[in-house]
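Read off the chains here:
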Amino acid sequence: MAENPMPQNAMPQNVMPLWEVFIRSRTGMAHRHAGSVHAPDAEMALQAARDTYTRRGEGLSLWVVPSAAIIASDPADKAEFFEPTAEKIYRHPTFYEIPPEVGHM
Amino acid sequence: MYTQALNQRDAAPAATPEDAAALARFQARIDADERIEPNDWMPAAYRRTLVRQISQHAHSEIIGMQPEGNWITRAPSLRRKAALLAKVQDEGGHGLYLYAAAETLGVSREELSAQLLSGAAKYSSIFNYPTLSWADIGAIGWLVDGAAIMNQIPLCRCSYGPYARAMIRVCKEESFHQRQGYELMLALSRGTAEQKAMAQDALNRWWWPCLMMFGPPDSESQHSDQSMRWGIKRFSNDALRQKFVDATVPQGHFLGLSFPDPALRYDAEAGHWRFGAIDWAEFRRVLAGDGPCNRQRLETRRRAEAEGAWVREAALAHAAKRRARAATPPLAAE
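Attention here is on the structure that accompanies the text. Quick caveat: nothing in here was measured; it's all calculated off a predicted structure.

1. What about unusual backbone geometry?
Right, so step 1: Of note, the phi angle at aspartate 33 of chain B is positive, near 65°, even though the residue is not glycine.
Right, so step 2: On the basis of relative accessible area, aspartate 33 of chain B is assigned to the partly exposed category, the value being 45%.

2. A word on the sheet that holds strand β3 (residues 61-66) of chain A
Residue and element names in this part refer to chain A.
Right, so step 1: The strand order across the open sheet formed by three strands is β2-β1-β3, and the pairing between neighbours is antiparallel. Because the sheet does not close on itself, it has two edges, and the strands there are β2 (32-38) and β3. For this sheet the average axis-to-axis angle between neighbouring strands, irrespective of direction, equals 30°.

3. Considerations on the packing of helix α2 (residues 44-63) of chain B against helix α7 (residues 161-189) of chain B
Residue and element names in this part refer to chain B.
Right, so step 1: Interhelical geometry of α2 versus α7 gives an angle of 25° and a closest axis separation of 12 Å. For the element pair α2 / α7, the angle class is roughly parallel. For the crossing formed where α2 meets α7, the hand is left-handed. Facing α2, whose interface residues are Leu50, Gln53, Ile54, His57 and Glu61, α7 presents Tyr163, Met167, Val170 and Glu174.
Right, so step 2: Partitioning the contact of α2 with α7 into residue classes produces five nonpolar, two polar and two charged.

4. Re the packing of aromatic side chains
Right, so step 1: One pass over the structure, following the stated rule, counts 16 aromatic pairs over all chains.
Right, so step 2: Their ring planes at 85° and their centres at 5.0 Å tell us that phenylalanine 81 of chain A and phenylalanine 82 of chain A sit as a pair that is edge-to-face.
Right, so step 3: By relative accessible area, phenylalanine 81 of chain A is classed as exposed at 55%.
Right, so step 4: Pairing tyrosine 266 of chain B with tryptophan 273 of chain B gives two aromatic rings, centres 5.2 Å apart and planes at 55°, and the pair type is tilted.
Right, so step 5: Residue tryptophan 273 of chain B is classed as buried on the basis of its relative accessible area of 17%.
Right, so step 6: Members of the aromatic cluster, joined through ring pairs, are Phe26, Trp41, Tyr46 and Trp230 of chain B.
Right, so step 7: The ring of tryptophan 71 of chain B carries arginine 74 of chain B above its face, with NZ or CZ at 4.1 Å from the centroid.
Right, so step 8: Over the aromatic face of tyrosine 97 of chain B sits the side chain of arginine 169 of chain B, whose NZ or CZ is 5.6 Å from the ring centroid.

The rules behind the values
Residues numbered from 1 in each chain as written. Chains lettered and ligands numbered in written order. Predicted model: local features only at pLDDT ≥ 70, side-chain atom pairs only at ≥ 80, totals over all residues. Heavy atoms only, no water. Buried < 20%, exposed > 50% of the residue type's maximum accessible area, 1.4 Å probe, protein only. Pairing = 2+ DSSP bridges. Helix = DSSP H or I, 4+ residues; strand = E, 2+ residues; numbered from the N terminus. Axes fitted to C-alpha atoms, helices over the stretch in contact; angles between N-to-C directions. Parallel < 35°, antiparallel > 145°, perpendicular 65-115°, else oblique. Left-handed = near helix turned anticlockwise from the far one by under 90°. Contact = heavy atoms within 4.5 Å. Nonpolar A, V, L, I, M, F, W, Y, C, P; charged D, E, K, R; others polar. Phe/Tyr/Trp six-rings, centres within 6.5 Å; stacked < 30°, edge-to-face > 60°. Lys NZ or Arg CZ within 6 Å of the ring centre and 35° of its normal.

As structure tokens, then:
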């Protein structure tokens, strides 16, 4: 049995799978989420994403990712989930005191 | 995460009791001008309101392709034809951005589409008027898209993140729509007497329906107050309508055209163009399904859906076949 990483296999076969679209707008920039499209497979998802989200040269590169493959943190847990970073103020440069005579550092 | 795979109806819609504390926290976030994102807690009524508004908006874009699509093959030049094709394609794109935003609220594309096709969902009343002449393409770009921009710019700051982001994208593209329409009207207005008459006739027919696009007067608007509190709506229907009239009347005069409203006059003291009474009975009639083109618009949409069904089925079957093949281990003999 082959392990298919495509989670849209888990979806009912009679509905169009959903894909998240990410666009790199310029070289040097990260891909950024733009929206989503429905398409039966990856190739058509790329074409649909191009037609839907890049009609005016908005992109140099496109990613499409099956929506079901994205694992998200739960906003309800965000206080506990991100809490440890808030109290570690020593991770920020302003925590350390340098005499002004030393100049910019 | 942004959108979820929600092609199917939620088996168990979240029926969490909405305690007053959660509601107060939610309202505090809105009042602090924070954006609400798909997985955040939100009151059920906020979700319902947004699904209704965003999907109506999406349906309007999709149905809105028809009145203009009517003239693509008869555009008078290649330049105009290319512009009109691009504009109609944009409207389709806008519908898709908006459906994607609505889907983040837990409703499936199939449900939304079914609501449109069954006639259960509403869409903007303006698209139930016919495009009788080429000048109507100019009037739609200038007036209908102009009114849409007035409505949509405040939505770029809507409290629901995916809707606001979709609207930013839409607004960037609408400006071309309005400018090409006005340029078309300008060409006709500076043309032969017949061409100018055609432009005037289009303005006469589209003006009042465009004023109705902003919705019922504030005195009888059903959803306004709550939508304002939730940061979905930023300006009242009447305020936006007045803003549109003030911006548009001088543009019409520049074209050398007149407006079909004998009561239209400039109120120098207030700095506003005052306009006559709107026929709200007509608005309600068109919204209820009795406009000049309601049946035709839905019929066309249903036919497109039915005639495209085999393509979608074939594409899904092909994708399923390829997945099945990829999953089958090759025979040892091969």
